[in-house]
Amino acid sequence: MEKLIYLFFAGLLLSCSGTPKQSEAEEKPVDNIIRLADAIDHIRKVNLSELADSITYLPLETRKECLLRNTSWFNYSPPYIICSRTVFDLNGRFIRTIGRIGQGPGEDPTQYMGSIFTKGHFYSYGHKLIEYDENGKFTGKEIQLLSKGKSEFDIPEQLGRIGWVDDWAPAGNNISVFNQPDTVYTIDRDFNTLKAERAISPSIPKVQLNNVGYTGIKRAYTCNSDSALFYNYYNDTIYRVTENGLASRWIIDLGDYKIPDEVSLIRQNELFTDALMCIHKSRNSVDRSAAVKNCLDNCELTRLTKGKKMVNAVYDTDNYIFIIWNEFVVSPALRGLEDQVYPQIAYYNKRTGETIAIEGKGFIDDIHHKETFFPRFGIYDNKLFAYFWPYELHEYIDEKQAAGNKVDQALLDLSGKVDDEDNPIFMIAHLK
């Protein structure tokens, strides 16, 4: 059943580094409303060259000590790039591995935990929040993040009582922690709680959610240079993260596309359980796949969320706010609807107040002509990060050449420097 729950609604996380700043473009905002609903209604194709002036490639060093097989837990954390626990410098050279898998002091049982570097220390995030020095040595500071209690509204005596920590980020000399769905905590570097802020409306009763990942939040915190953002899905507000807590900055207007609180909070447990029962009740059907699909197609959760959208992350740059969003579809894999839930991107121009939603699976790559460009590893320091595996590059070139199509010379040069089994290659678009 746990496996079914995971497959039914999946999510992920991660975080950033920084203290608040204001860019020149942000000092004179048109207004603070990001009209995403209107942009989706007028969705259009956009060339990458409209926003970026160049693309560079960064192959990560490949050695047995740093061979990557999962790249979900990525963080751009200058002067490092960190994939889960594996640390590279900004030239792609392997530096070290952070932490160990285990149950003891300085160890975490999570295989794919995330890590960042800030204020001269590494921190890993999994079942624990653990501090290491600049050489990756455990400092003795750690705290348990996950516990049996799923949700607490009151400030706990110890942070370890928090039940469902979804994400966290440095906040100047402090740390901001999101206990989804209810509370954002500000803690100091000794992991003492300084402040707690409620993340949902006081009008909504206390809720203990059986599953909170399905709402679509992939990264609650993101960063640009030394500035961190927190996106609150429940009130559609983007906050700047400060040492003293959150400061509201922009509001995303999803209009009728927003998933109602009835689904995301108030009745989530009930609706989620009913949907799972569709799977359970269909286990003895002659054509189980068809029975499951029919049941899920007609369940109340599907009816209440039909046509709704969800925001997965927001990213700050000097001139734009980028929004990663997608269609909300109940259990797409079991209903044969995977093609409807691919992530899409929109951006808000800080100078003009215009919001543009991009049609399809990303920008049209009119720079190096590799079809589309989607920053699936995020947007940091005015750079859009995508990635691909070397074998994907070789297959792409073979297909293009076999069809008689021209391949950009930069890609041909790169293909000769990597083997199919090597670590992934970052494709970095530099904003103008």
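In this text the structure is predicted, and so the values were computed from the model without any measurement.

### Describing the overall build of the protein chain
Next, step 1: On a plain count of helices and strands, the protein chain comes out with 9 helices and 29 strands.
Next, step 2: Counting every position in the protein chain, which comprises 432 residues, the buried fraction comes to 56%.
Next, step 3: Within the protein chain, counting contacts between residues at least 6 apart in sequence, those at least 24 apart form 61% of the total.
Next, step 4: With an accessible surface of roughly 18900 Å², the protein chain has 47% of that area assigned to carbon and sulfur atoms.

### Let's talk about a negative patch on the surface
Next, step 1: Negative charge collects at one region of the surface, where Glu395, Asp398, Glu399, Asp419 and Asp420 lie side by side.
Next, step 2: For Asp419, the location among the structural elements is in the loop between helix 9 (409-415) and strand 29 (425-431).

### Description of the packing of aromatic side chains
Next, step 1: Evaluation of the coordinates by the stated rule reveals 26 aromatic pairs.
Next, step 2: With 5.1 Å between their ring centres and 50° between their planes, Tyr221 and Phe230 make a pair best called tilted.
Next, step 3: Overall, the relative accessible area of 0% leaves Phe230 in the buried class.
Next, step 4: Aromatic side chains Phe385 and Phe426 sit 6.1 Å apart centroid to centroid with 85° between the ring planes, which places their arrangement in the edge-to-face category. Of this pair, Phe385 sits in strand 28 (residues 383-388) while Phe426 sits in strand 29, and the two are 41 residues apart along the sequence.
Next, step 5: Exposure remark for Phe385: the relative accessible area of 0% places this residue in the buried category.
Next, step 6: The residue whose ring lies beneath Lys370 is Phe388, and the NZ or CZ to ring-centre distance is 4.8 Å.
Next, step 7: We note Lys370 situated over the ring of Tyr396; from NZ or CZ to the ring centre the distance is 4.9 Å.

### Describing helix 4 (residues 268-281)
Next, step 1: Taking 1.5 Å per residue, 14 residues should reach 20 Å; helix 4 reaches 20 Å between its end C-alpha atoms and fits that length.
Next, step 2: Listed in full, the buried residues belonging to helix 4 are Gln268, Leu271, Phe272, Ala275, Leu276, Cys278 and Ile279. Axial view of helix 4: buried residues confined to an arc of 135°, hence all on one face.

### Re the sheet that holds strand 10 (residues 121-125)
Next, step 1: In spatial order, the strands read 9-10-11-12; together these 4 strands make up an open sheet with antiparallel pairing. Edge positions in the open sheet fall to strand 9 (114-118) and strand 12 (138-144), since each of these has one partner strand only. Strand-to-strand twist in this sheet, taken as the mean axis angle between neighbours without regard to direction, amounts to 20°.
Next, step 2: Bridge count for strand 10 against strand 11 (residues 128-132) is 4 bridges, and the pairing is antiparallel. Residue pairing in the sheet places Phe122 in a bridge with Tyr132 of strand 11.

### Here's the deal with the sheet that holds strand 28
Next, step 1: On the basis of which strands lie adjacent, the open sheet formed by 4 strands has the order 2-29-28-27 and antiparallel pairing. Two strands lie at the open edges of the sheet, namely strand 2 (52-59) and strand 27 (378-380), each paired on one side alone. The mean angle between the axes of side-by-side strands here comes to 30°, regardless of whether they run parallel or antiparallel.

Rules behind the numbers
- Residues numbered from 1 in each chain as written.
- Predicted model: local features only at pLDDT ≥ 70, side-chain atom pairs only at ≥ 80, totals over all residues.
- Heavy atoms only, no water.
- Helix = DSSP H or I, 4+ residues; strand = E, 2+ residues; numbered from the N terminus.
- Buried < 20%, exposed > 50% of the residue type's maximum accessible area, 1.4 Å probe, protein only.
- Contact = heavy atoms within 4.5 Å.
- Areas by Shrake-Rupley, 256 points an atom, 1.4 Å probe, with all protein chains shown as cover.
- Patch = residues over 30% accessible without salt bridge, like charges linked within 9 Å, V, L, I, M, F, W, Y side chains within 5 Å.
- Salt bridge = Lys/Arg side-chain N within 4 Å of Asp/Glu carboxyl O.
- Lys, Arg positive; Asp, Glu negative; His and termini not counted.
- Charge placed at Lys NZ, Arg CZ, Asp CG, Glu CD.
- Phe/Tyr/Trp six-rings, centres within 6.5 Å; stacked < 30°, edge-to-face > 60°.
- Lys NZ or Arg CZ within 6 Å of the ring centre and 35° of its normal.
- Expected span 1.5 Å × (residues − 1).
- Arc of directions from axis to C-beta.
- Pairing = 2+ DSSP bridges.
- Axes fitted to C-alpha atoms, helices over the stretch in contact; angles between N-to-C directions.

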